[in-house]
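# Working through the structure, step by step
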Number of protein chains: 2
Amino acid sequence: MNERDLSETDMVVRAAWLYYVAEKTQNEIASILGVSRVKVARLIADARTSGIVTIDIDHRLSALSELEERIRNRFNLKFCYVTPESEGGDKEDDAVARHGVGMVAARILRSILTQEQSKEMVIGLAWGRTISAMADALLPVNAPQAQFVSLLGSLTRSASANPFDVVQKLASKTDGQAKYLPVPFIADSEEDREVFIQQRVVQDIIRTAMRAQACFISVGECDAGSFLSRFGYLSKEDLAFLNSLGAVGDTLGLFFDENGNYVDSQLCRRTLAINLSDLSQSDIILLSAGTAKVNATRAILKAGFITGLVINAESARLLGALV
Amino acid sequence: MNERDLSETDMVVRAAWLYYVAEKTQNEIASILGVSRVKVARLIADARTSGIVTIDIDHRLSALSELEERIRNRFNLKFCYVTPESEGGDKEDDAVARHGVGMVAARILRSILTQEQSKEMVIGLAWGRTISAMADALLPVNAPQAQFVSLLGSLTRSASANPFDVVQKLASKTDGQAKYLPVPFIADSEEDREVFIQQRVVQDIIRTAMRAQACFISVGECDAGSFLSRFGYLSKEDLAFLNSLGAVGDTLGLFFDENGNYVDSQLCRRTLAINLSDLSQSDIILLSAGTAKVNATRAILKAGFITGLVINAESARLLGALV
DNA sequence: ACCAAGCGTGATCATTTGTTCATCGCGCGC
DNA sequence: GCGCGCGATGAACAAATGATCACGCTTGGT
């Protein structure tokens, strides 16, 4: 950070202060700082995207917080955040829901990262569009001690939601480190999986992940519309078989039935993901966006290993209604 | 809080969330919530004035934070906040400086009030235009356990800066209690002062004030322009006498010379204010706005009983330059 | 029942803000 | 040395926001 950057950042802070605290107009600020108004607008925009100004909303008064509390108690969670719907109670667009959930999750992540600067900091991450939305929404924060560890093997397709991209993006936004499992998510056989697992690099990652303060995971529906099946990782037969065993949702490569019981199958024994028992020390935060995932979400919550939930309002209502 | 209020607050929270987090336009929000755009604008304005949304600025990157750190170390303070100047380095208007210092002080006060909801909470207050600005700038916060106690007797003139108004305003904004000393600030004689002091109500207030977590006080210059002399509490002769003893500033009815030594005089022995030694358990936060007060501020800081300082940038520079 | 006062509401307008685009300057490579 | 491209800048415009005002509704009082 050179002289120029320093004075530039200083300008950003001063502009932000004058705008948000002193409530001056951008024109006034422009004449105070001796720059053009457009420049002031850019400084203020900078201040927001760089996380120098943060805007918090006390949502305790919202009707949703009552719902949050009910869900929190029912599933014994440390916290539950319900994101307000964007369409007035109407069927909401899944992409919008993901966006909202991602933003709230990003705030949670940011607060974790800014809490303790001294200690080692490990964050475990699954992949998926919601996790990806979280990574996009994270405001930059300086946390060089942070390590972002992928909890699952990689996909070969759909690069946008690859675990590599997620941890990479997070690392670059925080000046932290990215670590990911350099193995496929699903091995061809149980024997192959064993070979992968035994790789020293894989074991290293797993040991790191075991020290994670927090893990962000998402939920997969167990039907034809799900991510896994749409990209060919789950064949129609696999799906039918899993359904016949009662599986309604998956996360971290594990399938669960509607009562939250683990559904064993040959497929699960080929997935490369961190073991649930290895994460007993971590906060496990589930992100769920979209009503299609309600049943799967309920199943995973019932399994009992989740400590925190972020979910969109419509889904939360459905979840809360049946409790 | 009835049904109507509840849904109203809920609307405020939702509108604020959609505006500040989801970054929707007021028009979009209007159609989502099914109200007019004007209504949305009002909801958002409500959210800000009621403190449901709070905007924080990380000013650590500012060049001023270096100055803050220097002052903090020099005078052994727990914290020091320097408010950015509003005019670009130019001579700033005192009223503007007061406003800025008041706003920052209000944020400090608010954070104290929201910290611990359970315990008894006592806040001691001096009076003056800067303290008054703080009271005006405080965003409402629910803190029914808070007690705002006046540390000084009342003035008979200049109602706007009377201690009564300050504690009253703070109490009404927080649902807390207001307590003030129902005696004049300056008694006619030392004997009269003793009579006032011995009143049970006065003793009650003093005992309460002794339990204060934090006290907000301001600084008076000891010259013809000062508050006390302009309102006739200090005669020209008093002033000349105090100056001859080296007094350059006062606070809580006590005068100090440029080295921070207490300047005794007959006048001081007639003022009704809490004893400094009674506040040894409290954080004592000094608000200083305006370059005219730099010398007085330095004197009081040197006296060594201040634990926190809020000061405008220009004054801070003068203060820091001579360190 | 009627009136008056007060508050919330939405139309309209002025101001403020965000965005786009052409231009400028500067450094870098050829 | 010269051109090239990238990033920063401000002018101009379009969008969004805040303010004012008149209207109508409710409420409380006579």
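Structure report, in brief. Note that the structure is a prediction, hence the values are computed from the model and not measured. (Residues numbered from 1 in each chain as written. Chains lettered and ligands numbered in written order. Predicted model: local features only at pLDDT ≥ 70, side-chain atom pairs only at ≥ 80, totals over all residues.)

### What to know about the overall build of chain A
Put simply, the test is: A run of H or I in DSSP becomes a helix once it reaches four residues, and a run of E becomes a strand once it reaches two; helices and strands are each numbered from the N terminus. Residue burial here comes from a neighbour count, namely the number of other C-beta atoms, placed from the backbone, that lie within 10 Å of the residue's own C-beta, with 20 or more meaning buried, 12 or fewer meaning exposed, and in between meaning partly exposed. C-beta atoms are placed from the backbone for every residue, and two residues are taken to be in contact when these atoms lie within 7 Å.
Secondary structure assignment for chain A yields 13 helices and 12 strands. Each principal axis of the C-alpha distribution contributes one length, and for chain A these read about 70 × 45 × 30 Å. Classification of the 323 residues of chain A by burial places 46% in the buried group. Long-range pairs, those at least 24 residues apart, make up 71% of the contacts in chain A with a sequence separation of at least 6.

### Here we look at the relation of the copies chain A and chain B
Put simply, the rule reads: Only residues with pLDDT of at least 70 in both copies count here: their C-alpha atoms drive the least-squares fit that superposes the copies.
When chain A is fitted onto chain B, the two copies agree to an RMSD of 0.1 Å after a turn of 180° and an axial shift of 0.1 Å. What the rotation and shift describe, once combined, is the action of a two-fold rotation axis. Among all C-alpha atoms of chain A, that of A:Ile55 lies closest to the rotation axis, at 2.2 Å.

### Some thoughts on the interface of chain A and chain B
Quick note on the threshold: Residues are sorted three ways: Asp, Glu, Lys and Arg are charged, Ala, Val, Leu, Ile, Met, Phe, Trp, Tyr, Cys and Pro are nonpolar, and all the rest, Gly among them, are polar. A pair of strands is labelled paired if DSSP reports no fewer than 2 bridges between them.
Taken residue by residue, the interface counts 30 residues in chain A and 30 residues in chain B. Broken down by secondary-structure element, the contributors of at least two residues to the side of chain A that touches chain B are helix 1 (3-21), helix 2 (26-33), strand 1 (53-57) and helix 5 (94-115) of chain A. For the side of chain A that touches chain B, the element with the highest residue contribution is helix 1 of chain A, accounting for nine residues. Here the side of chain A that touches chain B is built from residues that sort into 17 nonpolar, eight polar and five charged. By the bridge criterion, five bridges tie strand 1 of chain A to strand 1 (residues 53-57) of chain B in an arrangement that is antiparallel.

### Observations concerning the protein's contact with DNA strand D
Using the following cut-off: For each residue, a C-beta atom is placed from the backbone, and the residue is labelled near a molecule or strand when this atom is within 6 Å of it.
Around DNA strand D, a shell composed of A:Val35, A:Ser36, A:Val38, A:Lys39, B:Thr25, B:Gln26, B:Asn27, B:Val38, B:Ala41 and B:Ile44 is seen. When contributions to the surface near DNA strand D are tallied by element, the ones reaching two or more residues are helix 3 (37-49) of chain A together with helix 2 (26-33) and helix 3 (37-49) of chain B. With three residues, helix 3 of chain B is the largest single contributor of residues to the surface near DNA strand D. In the surface near DNA strand D, the residues fall into five nonpolar, four polar and one charged.

### Focus on the sheet that holds strand 10 (residues 262-263) of chain A
Residues and elements named next belong to chain A. The following threshold applies: Note on geometry: axes are lines fitted to C-alpha atoms, helical ones only across the stretch in contact, with angles between N-to-C directions running from 0 to 180 degrees.
Pairing in this open sheet of four strands is antiparallel, and the strands run 7-8-9-10 from one edge to the other. Each having just a single partner strand, strand 7 (220-221) and strand 10 make up the two edges of the open sheet. In this sheet, strand 10 lies alongside strand 9 (residues 254-257) in antiparallel orientation, the contact comprising two bridges. From the neighbouring strand, phenylalanine 255 faces strand 10, where its bridge partner is valine 263. Across the sheet, helix 12 (residues 294-303) touches strand 7, strand 8 (247-251) and strand 9, and the angle it forms with strand 8 is around 70°.

### Concerning the protein's contact with DNA strand C
If you check the shell around DNA strand C, you find A:Thr25, A:Gln26, A:Asn27, A:Val38, A:Ala41, A:Ile44, B:Val35, B:Ser36, B:Val38 and B:Lys39 and nothing else. Of all the elements in the fold, those that place two or more residues in the surface near DNA strand C are helix 2 and helix 3 of chain A together with helix 3 of chain B. The element that contributes the greatest number of residues to the surface near DNA strand C is helix 3 of chain A, accounting for three residues.

### Quick notes on the sheet that holds strand 9 (residues 254-257) of chain B
Residues and elements named next belong to chain B. The strand order 7-8-9-10 describes an open sheet built from four strands, whose pairing is antiparallel. Edge positions in the open sheet fall to strand 7 (220-221) and strand 10 (262-263), since each of these has one partner strand only. Pairing geometry for strand 8 (residues 247-251) and strand 9, over four bridges, is antiparallel. Within strand 9, the residue paired with glycine 249 across the bridge is phenylalanine 256. Helix 12 (residues 294-303) rests against strand 7, strand 8 and strand 9 of the sheet, and its axis sits at about 70° to strand 8.

### Overview of the environment of B:Asp46
With respect to the helices and strands, B:Asp46 occurs in helix 3. For the pair B:Asp46 and B:Thr9, spaced 37 residues apart in sequence, the C-alpha to C-alpha distance is 9.3 Å.

### Some remarks on the pairing of strand 4 (residues 146-150) of chain A
Residue and element names in this part refer to chain A. Summarising burial for strand 4: five of the five residues are buried, a large majority. When strand 3 (residues 121-125) meets strand 4, the two strands line up parallel, connected through five bridges. When the bridges of strand 4 are listed, leucine 125 appears paired with serine 150.

### Re the nonpolar core
Just so we agree on the cut-off: Take the buried Ala, Val, Leu, Ile, Met, Phe, Trp, Tyr and Cys residues, join any whose C-beta atoms are within 7 Å, and the set you get is a nonpolar core.
Ranked by internal contacts, the top residues of the largest apolar core, which has 96 residues, are A:Phe216 and B:Ala16. Judged by nonpolar contacts, the second largest core, of 95 residues, contains A:Ala15, B:Ile57, B:Val101 and B:Phe185.

### Describing helix 12 of chain B
Residues and elements named next belong to chain B. Among the 10 residues of helix 12, seven are classified as buried, and the element is accordingly described as predominantly covered. Those residues of helix 12 not exposed but buried are Val294, Ala296, Thr297, Arg298, Ala299, Ile300 and Leu301. Among the structural elements, strand 7, strand 8, strand 9, strand 11 (283-288), strand 12 (308-312) and helix 13 (313-321) are those in contact with the buried residues of helix 12. One or two steps after helix 12, the chain reaches glycine 304, where phi turns positive at roughly 90°.

### Describing the pairing of strand 3 (residues 121-125) of chain B
All names here are of chain B. Applied cut-off: With strands facing away from the observer, any crossover in which the path from the first strand over the helix to the second runs clockwise is taken as right-handed.
Of all five residues in strand 3, five are buried, a share of seventy percent or more. Alternating residues of strand 3 divide into Met121, Ile123 and Leu125 and Val122 and Gly124, and every residue in both groups is buried. With respect to chirality, the unit in which strand 3 leads through helix 6 (residues 129-137) into the neighbouring parallel strand 4 (residues 146-150) is right-handed. Note: strand 3 against strand 6 (residues 214-218), three bridges, orientation parallel. In the strand pairing of strand 6, leucine 125 is matched with phenylalanine 216.

### Describing the packing of helix 2 of chain A against helix 3 of chain A
Residue and element names in this part refer to chain A. For clarity, the threshold we go by: Throughout this description, any angle smaller than 35 degrees is read as roughly parallel, any larger than 145 degrees as roughly antiparallel, any in the 65 to 115 degree range as roughly perpendicular, and the remainder as oblique.
Relative orientation of the contacting elements helix 2 and helix 3 amounts to 105°, with a least axis distance of 8 Å. As far as their axial angle goes, helix 3 and helix 2 are roughly perpendicular. For the pair formed by helix 2 and helix 3, the contact residues are Gln26, Asn27, Ile29, Ala30 and Leu33 on the first element and Arg37, Val40 and Ala41 on the second. In the contact of helix 2 with helix 3, the residues fall into five nonpolar, two polar and one charged.

### Examining the packing of helix 4 (residues 64-74) of chain B against helix 13 of chain B
All names here are of chain B. Quick reminder of the rule: Should the near helix be turned anticlockwise from the far one by less than a right angle, the crossing is termed left-handed; should it be turned clockwise, right-handed.
Direction vectors running N to C along helix 4 and helix 13 enclose 50°, while the axes themselves pass 10 Å from each other. Put simply, helix 4 runs oblique to helix 13. Crossing hand, helix 4 versus helix 13: left-handed. Residues Leu64, Leu67, Arg70 and Ile71 of helix 4 form the contact with helix 13, whose participating residues are Ala313, Ala316, Arg317, Leu319 and Gly320. Class assignment of the residues belonging to the contact of helix 4 with helix 13 gives a composition of six nonpolar, one polar and two charged.

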